[in-house]
Amino acid sequence: MSPSHRSSYPQTAAVTLAVTLILAVIAVIAPTAPPAAAAGNGFGATVDVRNLDPVPVRMWGVSGQNPAETQTASLDVLVWDFAQSGNRMFVGGAFLNVQESKNATPIPQPYVAAFDVDTGEWIDSWTPQIDRAVYSLDVLPNGSLLVGGEFETVNGQPRQGVVALDPVTGAIDPSFPVAVERPWSTLRAVVREVSVFGSDIYLVGNFSHVNNGALGTRTRVYKAARVGTDASIDTAWKPQVTGSGVWGVDADPGRNEVHLAGFFSAVNGEAGTGHFHTVDGTTGATVPGKIELPRNYPQSQPEMFDVVYGDDRLFVIGEQHIVQVLDPADHAMLGFHTTGMQGTQFAASGFFAGGAFQVGEHIGDVVIAGCHCTYSERNGWINHFSSFDQERTRHRLVMAYDASTGELVDEFMPDIHSPRDGTFAVGSDSNGCLYIGGDFHVGGVDAGLSRWLGGFAKLCGGEPPVAGELLAPGSTWRYEDSGTDLGTAWRDPAFDDAAWASGPGELGFGDGDEGTVLTAGSPTYYARTSFDFTGPAPSSLDLRLKADDGAIVYLNGVEVLRDNLPDGTVTHGMTAIDWRGGADEDFRPFTVSASALVEGTNVLAVEVHNVWAGNADLSLDVALGVSDAPPPAVDEPLIALGSTWRHTDSSAGAEPAGWPLAVPAAAAEGPAQFGFGEGDEATALVAGQETYYFSHDFTVVDARAIPALELTTLIDDGAVVYLNGTEIHRYNMPDGPIAWNTRPSQWVGNSEEIARAVTVPAAALVDGANTIAVEVHNFWPGNPDLSFDLRLDEAADGGAEAGNL
């Protein structure tokens, strides 16, 4: 693990004084002062992983690799670590070049490079020359960059395994003349991790000696060493690690313990200490009373890549596909997380995909762990399992766990992709951005953006929370876009949506501004999200809805808003009343009832309906906040969509008796929508007729108080509407008298089969009983489809412009 949490460690007054003195000495001898903007590695900055934009920002990257220059050639890892000093983010790895974009010309800058923290631009004035791979970075108290790897020369000078570089010039810092050796092997000495803790530096890897070139001292060690920031070698702390190398190190200052993880077979010659062990912080001796680390798959690959001390929790990271969360007091296992593993038990029952965890970092209030688990789901298995809640989720490649409880942070799901090896590096900067490195090549795929990544991704925060905000725009939703009719159970807050895909808003397709791209071609899409609420109940809720074309919003299973959709029973095939485009596709404000809001977790469920299944675009996003406004009054229409109508047709070769006052009382009745050929009819009519007739009765108390009416109709192909026998609207019909067999002016296709609203005169309206009568004409008797529904309201503005009379 890189030193992502130094600022949280308590220090005694003596240590603080020592660090102050060392800082003063190094400031005198360091060749160049670090940049004025905040020396230090930046890992102490707060990163709100729950509010990061999952799509990485655009910035330079790295590229190219020479497998001969690394002893881990089987891993195609470009980026191994990050560290910030001043306003520069340093990236180390096995890369050969820096690169501005996917199609840009690679620029040689091997193994370590610097990028501007604010702009993401490569800093071309910082070009140290290192001959082989870099595995770890940290920052010394004087701002110099501490580099560990398997290199042998730096800037043309012999410097094996570890070096300190000036963060401005790239020159070797002479105040830290430390190197490592491996004289009894034909393989190169390797430093897998450098970690600065106050005035101490831990070096771990595969080496047998650590040297101070300036003093000429050479000390025998066993794959782990501790040196001072003044380059002195601690000869008292000497754990004896045997076998292969140490890959991860972390310290628990409160207990004076140091944790080691890696590929080694034993520590201090004791049984059961391979791959993970805890030693005394003063001597390196084994700490007694610790439970041996259990193996979930003991037959093979017992290696542990990293270890992280959280908030009194210990995270052991590695094979087989597991993060174990331990009690640091005795190493009792408190829980675990797995990826790519079948079953829900600790003992592995089989694997369906890659998934070994390879790195961990303690950043803020979370521990972030990365793996080469590249699939959200494979072979019918959902990737991530947590023993803390016994749930499988679609998290992949990098996960955040609560540092004090060990539980998964569900909201953190970066939209980044790796071809194979996944995550090997995690870091953060002083702007609150998170860096994730390894072999990443593209980001934003889930959002339809396909943003090139050069080995690593940078994620930054979204908009800060607004006071009273319950749900921000762009929040993460679970969604179902397969075109399946889900009925009504999906609205219930207890509905299990764990198998649904998830992604940030806006959801949709066709506009290019989507956070998550849905599959086109369905009339209806379903989405669910949750939020927490505490405090006094508000009078109402402010709901901002982006819905193209129509939507129904449910709060804890209760409908709170219906926008641009018919009244009555909702069906999967129901289409929006009207097509939306331009400014109408943006957020629109509504005040809705807060009566369904509960203390604690609330579930918001939304179904969005297209104007027709083949429409080219669709959008959905929601913002929700508390409001002091009074709850909205319920405005009932005179006739609602989906109402019951009497109906008949022209099969007798004439209009019905008494037309256009009403359909005879003995005629059949049924609910709208009426028609045939579409599959969304509530009442199916018999096809093959020229014209179909409908009438509906309604009551008005004071007709004089209604100067105009708003008429919303869904008509295929043409129609004439009468109020108490007086024509008030004609759609797609020729001028002049209308007979039972008059043809519409033109055929109406799918894109025109939408509901339209017009303002019509109310002069024919009377006190008491009134009747709307509608004749719907087919373009020709053999036409394969026909549709009818109607809503009648008092005109909102009292306007009296008649529509298409």
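These numbers were taken from a predicted model, which means no experiment stands behind them. Every chain is numbered independently, its residues counted from 1 as its sequence is written. Two thresholds apply to this predicted model, a pLDDT of at least 70 for residue-level local features and 80 or more for giving and counting side-chain atom pairs, whereas whole-chain, interface and lining totals are computed over all residues. Hydrogens are left out, water is left out, and the side-chain values use all remaining heavy atoms of the structure.

Participant: Account for the overall build of the protein, naming residues and giving values.
Facilitator: Of regular secondary structure, the protein possesses 1 helix and 58 strands. Along the three orthogonal principal directions, the C-alpha set of the protein runs to about 115 × 50 × 50 Å. Burial status across the protein gives 57% buried among its 805 residues. The contact criterion used is simple: two residues touch if any of their non-hydrogen atoms lie within 4.5 Å. Put simply, of all contacts in the protein between residues at least 6 apart along the chain, 65% involve residues at least 24 apart. Counting rule for charge: Lys and Arg are taken as positive, Asp and Glu as negative, and neither His nor the chain ends is counted. Working definition for charges: the position is that of NZ of Lys, CZ of Arg, CG of Asp or CD of Glu. Here the protein carries 40 positive and 102 negative side-chain charges, and the mean point of each set is 11 Å from the other. Secondary structure counts use DSSP, requiring at least four H or I residues in a row for a helix and at least two E residues in a row for a strand, with both numbered from the N terminus. Between buried and exposed lies partly exposed: a residue is buried under 20% and exposed over 50% of the maximum accessible area for its type, with that area taken using a 1.4 Å probe on protein chains only.

Participant: Tell me about the pairing of strand β37 (residues 476-480), residues and numbers included.
Facilitator: Counting buried positions along β37 gives 4 out of 5 residues, so the element sits mostly inside the fold. When β37 meets strand β38 (residues 501-504), the two strands line up antiparallel, connected through 4 bridges. Bridge pairing links tyrosine 479 to alanine 501 in β38. In this structure, β37 lies alongside strand β41 (residues 524-533), joined through 3 bridges in antiparallel fashion. Bridging across to β41, arginine 478 finds its partner in arginine 528. One requirement defines pairing of two strands: DSSP has to find at least two bridges between them.

Participant: So what about the environment of arginine 528? Which residues, and what values?
Facilitator: Looking at the element boundaries, arginine 528 is found in strand β41. The exposure class assigned to arginine 528 is buried, which follows from its relative accessible area of 3%. A sequence separation of 25 residues divides arginine 528 from valine 553, and the C-alpha atoms of the two residues are 9.8 Å apart. For the purposes of these results, a polar contact is taken to be a pair of N or O atoms within 3.5 Å, where, inside protein, one atom must be able to donate a hydrogen and its partner to accept one; residues adjacent in sequence count only when each atom of the pair is a side-chain atom. In terms of polar contacts, arginine 528 uses its side chain to reach the backbone carbonyl oxygen of phenylalanine 495, at 3.2 Å.

Participant: So what about the sheet that holds strand β48 (residues 644-649)? Which residues, and what values?
Facilitator: Strand order in the open sheet formed by 6 strands is β49-β48-β52-β57-β54-β55, and the pairing between neighbours is antiparallel. Strand pairing shows two members of the sheet lacking a second neighbour, β49 (668-671) and β55 (726-731), which therefore form its edges. In this sheet, adjacent strand axes meet at a mean angle of 25 degrees when their direction is disregarded. Here strand β54 (residues 718-723) pairs with β55 via 5 bridges, running antiparallel. Across the sheet, residue tyrosine 722 finds its bridge partner in β55, namely glutamate 727. Every angle, taken between N-to-C directions, lies between 0 and 180 degrees, and every axis is a line fitted to C-alpha atoms, over only the stretch in contact when it is a helix.

Participant: Tell me about the pattern of salt bridges, and name the residues and values.
Facilitator: The term salt bridge refers to a pairing of a side-chain nitrogen on Lys or Arg with a carboxyl oxygen on Asp or Glu at a separation within 4 Å. By the definition in use, this model includes 25 salt bridges. Between aspartate 76 and arginine 420 there is a salt bridge, with the nearest N and O atoms lying 3.4 Å from each other. Taken together, the residues aspartate 76 in the loop between β1 (61-65) and β2 (79-85) and arginine 420 in the loop between β32 (416-417) and β33 (423-428) connect sequence positions 344 residues apart. Owing to a relative accessible area of 37%, aspartate 76 belongs among the partly exposed residues under this scheme.

Participant: I'd like a rundown of the state of the cysteines, residues and numbers included.
Facilitator: Note on terminology: pairs of cysteine sulfur atoms within 2.5 Å are recorded as disulfides. All told, the structure shown has 2 disulfides when counted by the stated rule. Between cysteine 371 and cysteine 373 runs a disulfide, and the two sulfur atoms are separated by 1.8 Å. As far as the burial class goes, cysteine 371 and cysteine 373 line up, both buried. Disulfide pairing is shown between cysteine 433 and cysteine 460; the S-S distance is 2.1 Å.

Participant: Could you give me a rundown of the packing of aromatic side chains, with the residues and numbers involved?
Facilitator: Here a Phe, Tyr or Trp ring, Trp counted by its six-membered ring, pairs with any other such ring whose centre lies within 6.5 Å, and the pair is stacked when the planes are under 30 degrees apart, edge-to-face when over 60, and tilted otherwise. In total, this model carries 30 aromatic pairs according to the counting rule given. Summarising the aromatic geometry, the rings of tryptophan 659 and tyrosine 693 are spaced 4.9 Å apart at their centres and angled 75 degrees between planes, so their arrangement reads as edge-to-face. On the criterion of sequence distance, the pair formed by tryptophan 659 in the loop between β48 and β49 and tyrosine 693 in strand β52 (residues 691-700) is long-range, its members being 34 residues apart. With respect to class, tryptophan 659 is no different from tyrosine 693; both count as buried. Connected via pairs of aromatic rings, a cluster forms that spans Trp80, Tyr135, Trp247, Phe263, Phe305 and Phe424. Criterion for a charge above a ring: Arg CZ or Lys NZ at most 6 Å from the ring centre, at most 35 degrees from the ring normal. Directly above the aromatic system of tryptophan 80 lies the positively charged group of arginine 192, at a separation of 5.7 Å from the ring centroid. We note arginine 544 situated over the ring of phenylalanine 587; from NZ or CZ to the ring centre the distance is 5.1 Å.

Participant: So what's going on with the confidence of the model for the protein? Which residues, and what values?
Facilitator: Scored between 0 and 100, pLDDT is the confidence that the predictor attaches to each residue. With 91% of its residues at a pLDDT of at least 70, the protein reaches an overall mean of 88. Scored below 50 in pLDDT, residues 2-44 shows 86 contacts in the model against residues more than four places distant or in partner chains. Below pLDDT 50 for its whole length, residues 798-805 participates in 26 contacts with residues either more than four positions away or in separate chains.

Participant: Tell me what's going on with the sheet that holds strand β5 (residues 107-108), and back it up with residues and numbers.
Facilitator: Within the open sheet, the 3 strands sit side by side as β1-β4-β5. Their pairing is antiparallel. A single partner strand is all that each edge strand has here, and the edge strands are β1 and β5.

Participant: How would you explain the environment of aspartate 481 if you had to name every residue and give the values?
Facilitator: For aspartate 481, the location among the structural elements is in the loop between β37 and β38. Taking the C-alpha atoms as reference points, aspartate 481 and serine 125, 356 residues apart in sequence, are found 49 Å from one another. Setting aside anything within four residues of it in sequence, one finds aspartate 481 in contact with Leu518, Thr519, Ser522 and Tyr525. A polar side-chain atom of aspartate 481 sits 2.9 Å from the main-chain amide nitrogen of threonine 519.

Participant: An account of a negative patch on the surface is needed here, citing residue identities and associated values.
Facilitator: Residues Asp389, Glu391, Glu407, Asp410, Glu411, Asp496 and Asp532 make up a contiguous surface patch of negative charge. Relative to the elements of secondary structure, aspartate 496 occurs in the loop between β37 and β38. Two joining distances apply to patches: 9 Å for like charges and 5 Å for nonpolar side chains (Val, Leu, Ile, Met, Phe, Trp, Tyr), and every residue must have over 30% relative accessible area and no salt bridge. The protein chains shown are the only cover counted for residues, whose accessible areas, like all others here, come from Shrake-Rupley with a 1.4 Å probe.

Participant: Requested: an account of the side chain of serine 502, with residues and values cited.
Facilitator: Structurally, serine 502 is set in strand β38. Once you skip the residues sitting within four places of it in the chain, serine 502 turns out to touch Met413, Thr476, Trp477, Arg478 and Tyr479.

Participant: Run through the environment of arginine 378, naming residues and quoting values.
Facilitator: With respect to the element layout, arginine 378 can be found in strand β27 (residues 377-378). Residues arginine 378 and arginine 646, spaced 268 residues apart in sequence, show a C-alpha to C-alpha distance of 54 Å.

Participant: Residues and numbers for the side chain of asparagine 212, please.
Facilitator: Tracing the backbone through its elements, the reader meets asparagine 212 in strand β15 (residues 209-212). Under the relative-accessibility criterion, asparagine 212 is labelled buried at 4%. At 2.8 Å, the side chain of asparagine 212 and the backbone oxygen of alanine 231 are in polar contact. Ignoring sequence-local partners within four residues, the contact set of asparagine 212 consists of Pro177, Thr217, Ala231, Ser232 and Ile233.

Participant: Quick one: what's the story with unusual backbone geometry, residue by residue and with numbers?
Facilitator: What is expected of a backbone is that most residues other than glycine have negative phi and most peptide bonds are trans. Backbone torsion omega between glycine 505 and glutamate 506 reads 5 degrees, so that peptide bond is classified as cis. Mapped onto the fold, glutamate 506 is located in the loop between β38 and β39 (507-509). The residue after alanine 672, namely glutamine 673, is reached through a cis peptide bond having omega 10 degrees. Here glutamine 673 lies in the loop between β49 and β50 (674-676). Phi is positive for aspartate 312, close to 55 degrees, though the residue is something other than glycine. Mapping aspartate 312 onto the fold places it in the loop between β21 (304-309) and β22 (314-318). For aspartate 312, a relative accessible area of 34% gives the class partly exposed.

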